[in-house]
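Structural characterization, general
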Amino acid sequence: MKPIIFTLLICFAATTLFAQTDTIKTRHTEGGDADTIIIIKSKKKHKYKFGFGKDVAEVNINNDQNDTTYTASKEPGFSMGLTFTRFDIGLTTLNDNGSFKLSPQNQFLNYRSWRSSSIGFDVLQISYRFSSAFRIYTSGGFDWLNLRLRERGTILRDQDVLTFVPDDIKYSKNRLSASYLRIPIALDFRTHDDADGRRFHFITGVDMGLLLSSSLLQESDVNGDQKRSGDYHFTKFRYGPFVRVGYGAIGVFARYYVNDMFDDSPAQKGLRNFSFGMSVGW
């Protein structure tokens, strides 16, 4: 995740350098849609455009004006573009064959509920708007799953099945993680603006994920910091329904993956993942 954040910071710094000390005049779409056109004018009057579509957003850097104006175009049609939206931060929970209590064979996955997280965001979006109130979209982004384990011991990598070896070491951190490329397909309904210029969003669909990497991070006084990347039997492809409900730019989300969390490990059959939390941007 750190390289991605570092890349975003570089992009922001480059944009600031091009803009220099000019004033920013912004036109943007309602609801934070990702299908945008961005125009940047520097002191040398250069223009840069990113994205295309009928839902248009513009950022104009203008030496002569200090105001911020607002316009929006919501004509039906297709659009696509880069984005940084639907930033999710929440908790992850394990469901063991219909129960939120882990079975004896899965006790080594006993986790700290308030420190096990699900974090993600979208960077690319393709959508088709049928009307101002309704559209369908798919997007691409990243999602990180982090389980803070309670048990003393190590989950071994690259084994035939998910294997846990107990020990007597006191770990200040024992975290099992997986990163996924997330690809949701969603129906987005929204109301008209209220008196404050905000609206409600109701989004539902199917979230799919392709495994990118998995690792185990351990911190202890005995062994120091150790990070082991490898195969921890996380499912290569996950899928399940999700919902988002929000007002303005803030909302909540919930996702439930209907296939098993781990592959090729019979003892973990029926162990699934449920995540919920807050979401920013639409």
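Since the structure is predicted, the reported quantities are computational estimates derived from the model, not experimental observations.

1. A word on the overall build of the protein chain
- If you tally the helices and strands in the protein chain, you get one helix and 14 strands.
- By the burial criterion, 43% of the 282 residues in the protein chain qualify as buried.
- Considering only intrachain contacts with a sequence separation of at least 6, the fraction spanning at least 24 residues in the protein chain is 68%.

2. Regarding the packing of aromatic side chains
- Using the criterion set out here, one finds 14 aromatic pairs in the structure.
- Arranged with centres 4.9 Å apart and planes meeting at 70°, the rings of Y128 and F130 form a pair that is edge-to-face.
- Overall, the relative accessible area of 46% leaves F130 in the partly exposed class.
- The interplanar angle of 20° and the centroid separation of 6.4 Å between the aromatic rings of F200 and F202 together place this pair among those described as stacked.
- Feature note: the residues F84, F87, F121, F142 and W144 constitute an aromatic cluster, connected by ring pairs.
- It is R238 that lies over the ring of Y180; its NZ or CZ is 3.9 Å from the centre.

The rules behind each value
- Residues numbered from 1 in each chain as written.
- Predicted model: local features only at pLDDT ≥ 70, side-chain atom pairs only at ≥ 80, totals over all residues.
- Heavy atoms only, no water.
- Helix = DSSP H or I, 4+ residues; strand = E, 2+ residues; numbered from the N terminus.
- Buried < 20%, exposed > 50% of the residue type's maximum accessible area, 1.4 Å probe, protein only.
- Contact = heavy atoms within 4.5 Å.
- Phe/Tyr/Trp six-rings, centres within 6.5 Å; stacked < 30°, edge-to-face > 60°.
- Lys NZ or Arg CZ within 6 Å of the ring centre and 35° of its normal.

Geometry only, nothing functional implied.
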